[in-house]
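Now for the letters of each chain:
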Amino acid sequence: MSGRTALVSGGNRGIGLAVARALHADGDSVAVTCRSAPPPDDDFLAVKCDVTSTGSVDDAVTEVEERLGPVQVLVANAGITRDALLVRMGEEDFLDVLDTNLTGAVRLVRRTLRGMIRRRHGRIVLISSSSALSGSPGQTNYAAAKAGMVGFARSLARELGPRDITVNVVTPGWIDTDMTAALPGEARDQAAATVPLGRFGSPDEVAAAVRFLAGRQAGYITGAVVPVDGGIGMGH
Ligand SMILES: NC(=O)c1ccc[n+]([C@@H]2O[C@H](COP(=O)([O-])OP(=O)(O)OC[C@H]3O[C@@H](n4cnc5c(N)ncnc54)[C@H](OP(=O)(O)O)[C@@H]3O)[C@@H](O)[C@H]2O)c1
């Protein structure tokens, strides 16, 4: 399965960058999308893409197809948070988070799917969150979007099973990236104390699960939700 074309959204930093590096190490030709800065590595094709725009997703995937060939591995990783208690959350913050995290992933899947169907092979991995399953105060928008990814993935897994296309979800817990860097020290310590393993995870630890699900050995796994959360969800 080496030599495939893999596309990772938001692969310029954080979890997406770790995933891109892991897939590259497995021999895949890797493209990453970025809105802002390109990735620090020269090993990937970097394409500009805003996942909230269908036209931007279309242009980005077209560029990847032209330069690397049809996408066989898609990792929908781009995501944002706009945390606030629901009583104080503006509708725009609710909708923006859904549009980026959930509909952004759907746009990428829809654009890459036809090529996978034609080749009767594909691997789709969606990066959700442990808060999709456990809930998280201040994150009604984010948890709704991330839970939506689970229902989307499981329905799609049933649609695509006969074509040898697997669709799985990874639910990270607290991971050390820019997304969690804004947490003040005390809040960070409190968060780590709720994790059975007692610490934040690393992007590489999430990437290891994605790499497995994208690989040959996961060929009989689809519709799964795989936690990488230090035990917060106890397997859920
Ligand atoms: N860190 C955690 O604790 C944690 C836990 C659970 C789940 N996750 C999920 O894991 C994924 C990666 O998170 P991270 O921690 O690595 O976050 P991060 O460091 O903040 O990176 C977010 C990535 O998403 C991209 N992105 C955001 N909005 C986008 C848009 N509209 N179009 C295209 N790209 C966009 C960013 O691109 P730019 O650089 O261009 O802004 C960046 O590459 C997210 O889906 C997040 O929800 C993270």
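Heads up: the structure comes first, above all this text.
This report concerns the structure included in the present document.

Rules and cut-offs
- Here the residue numbers are simple positions, counted from 1 along each chain's written sequence.
- Given that the model is predicted, a residue must reach a pLDDT of at least 70 before its local features are reported, and side-chain atom pairs must reach 80 or more before they are shown or counted; all residues, however, enter totals for whole chains, interfaces and linings.
- Side-chain measures were taken over the full set of non-hydrogen atoms in the model, leaving aside hydrogen atoms and water.
- Here a residue is considered near a molecule or strand provided that any single heavy atom belonging to it is located within 4 Å of it.
- A 3.5 Å cut-off defines polar contacts: any pair of N or O atoms within that distance qualifies, except that in protein one atom must be a possible hydrogen donor and the other a possible acceptor, and neighbouring residues in sequence count only when both atoms are side-chain atoms.
- To be clear on the numbers: accessible area is Shrake-Rupley with a 1.4 Å probe, and residue cover counts the displayed protein chains and nothing else.
- Here a cavity is any set of points on a 1 Å grid over the protein atoms alone where a 1.4 Å probe fits but cannot get out, and a pocket is any open set with protein on both sides within 12 Å along at least 5 of 7 lines; a residue lines the site when it has an atom within 4 Å of a point.
- Pocket or cavity membership: a molecule qualifies when more than half of its atoms sit within 2 Å of the grid points of that site.
- Here a helix means four or more residues in a row that DSSP labels H or I, a strand means two or more in a row labelled E, and each is numbered from the N terminus.
- When residues are grouped by polarity, Ala, Val, Leu, Ile, Met, Phe, Trp, Tyr, Cys and Pro land in nonpolar, Asp, Glu, Lys and Arg in charged, and all others, Gly among them, in polar.
- Basic side-chain nitrogens of Lys or Arg form a salt bridge, by our definition, when they fall within 4 Å of a carboxyl oxygen of Asp or Glu.
- Classification of residues uses two cut-offs on accessible area relative to the type maximum, computed with a 1.4 Å probe and protein chains only: under 20% is buried, over 50% is exposed, and between them is partly exposed.
- Here, the term disulfide refers to a pair of cysteine sulfur atoms separated by no more than 2.5 Å.
- We call two strands paired when DSSP finds no fewer than two bridges between them.
- Whenever a helix is involved, its axis is fitted only over the stretch in contact; in every case the axis is a line through C-alpha atoms, and angles between N-to-C directions fall within 0 to 180 degrees.
- Angles below 35 degrees are treated as roughly parallel, those above 145 as roughly antiparallel, those between 65 and 115 as roughly perpendicular, and all remaining angles as oblique.
- Here a crossing is called left-handed whenever its near helix is offset anticlockwise from the far helix by less than a right angle, and right-handed whenever the offset is clockwise.
- Should any heavy atoms of two residues lie within 4.5 Å, those residues are considered in contact.

**Thoughts on the site of the ligand**
Asn12, Arg13, Arg35, Tyr142 and Thr177 are the nearest of the 30 residues found near the ligand. Within the side chain of Arg13, one N or O atom sits 2.6 Å away from an oxygen atom of the ligand. Between a nitrogen atom of the ligand and a main-chain N or O atom of Val51, the distance comes to 2.9 Å. When the free accessible area of the ligand is taken as 890 Å², the share hidden by the protein chains comes to 96%. Spatially, the ligand is embedded in the largest pocket. At three residues, the largest contribution of residues to the shell around the ligand is made by helix H6 (residues 178-181). In the shell around the ligand, the residues fall into 11 nonpolar, 14 polar and five charged.

**Some thoughts on the pattern of salt bridges**
Taken as a whole and judged by the stated rule, the model has 12 salt bridges. For the salt bridge of Asp28 with Arg4, the shortest nitrogen-to-oxygen distance reads 3.0 Å. Linking Asp28 in the loop between helix H1 (14-25) and strand E2 (29-34) with Arg4 in the segment before strand E1 (5-8), this pair joins segments that are 24 residues apart in sequence. As far as the burial class goes, Asp28 and Arg4 line up, both buried. Here Asp178 ties to Arg13 by a salt bridge, and the two come within 2.8 Å at their closest N and O atoms. Of this pair, Asp178 sits in helix H6 while Arg13 sits in the loop between E1 and H1, placing them 165 residues apart in sequence. Since its relative accessible area comes to 45%, Arg13 is described here as partly exposed. Shared partners join several salt bridges into a network, and the residues in it are Asp58, Glu65 and Arg111.

**Some details on the state of the cysteines**
Per the stated rule, a full pass over the model turns up zero disulfides. We note that Cys34 lacks a disulfide partner, and the nearest cysteine sulfur, in Cys49, lies 9.0 Å from it.

**Considerations on the pairing of strand E3 (residues 45-48)**
Burial along E3 is one-sided: Leu45 and Val47 are buried, and none of Ala46 and Lys48, which face the opposite way, are. Summarising the sheet, E2 and E3 pair through four bridges and their orientation is parallel. Note that in E3 the partner of Cys34 across the bridge is Lys48.

**Overview of the packing of helix H3 (residues 91-119) against helix H5 (residues 140-160)**
Any two packed helices are characterised by how steeply their axes cross, that is the angle between the axes, and by the distance between the axes. Relative orientation of the contacting elements H3 and H5 amounts to 20°, with a least axis distance of 8 Å. The angle between H3 and H5 falls in the class roughly parallel. The hand of the H3/H5 crossing is right-handed. In this structure, H3 contributes Asp93, Phe94, Val97, Leu98, Asn101, Leu102, Ala105, Val106, Val109, Leu113 and Ile117 to the contact, and H5 contributes Thr140, Asn141, Tyr142, Ala144, Ala145, Lys146, Gly148, Met149, Phe152, Leu156 and Leu160. Residues that form the contact of H3 with H5 fall into these classes: 16 nonpolar, four polar and two charged.

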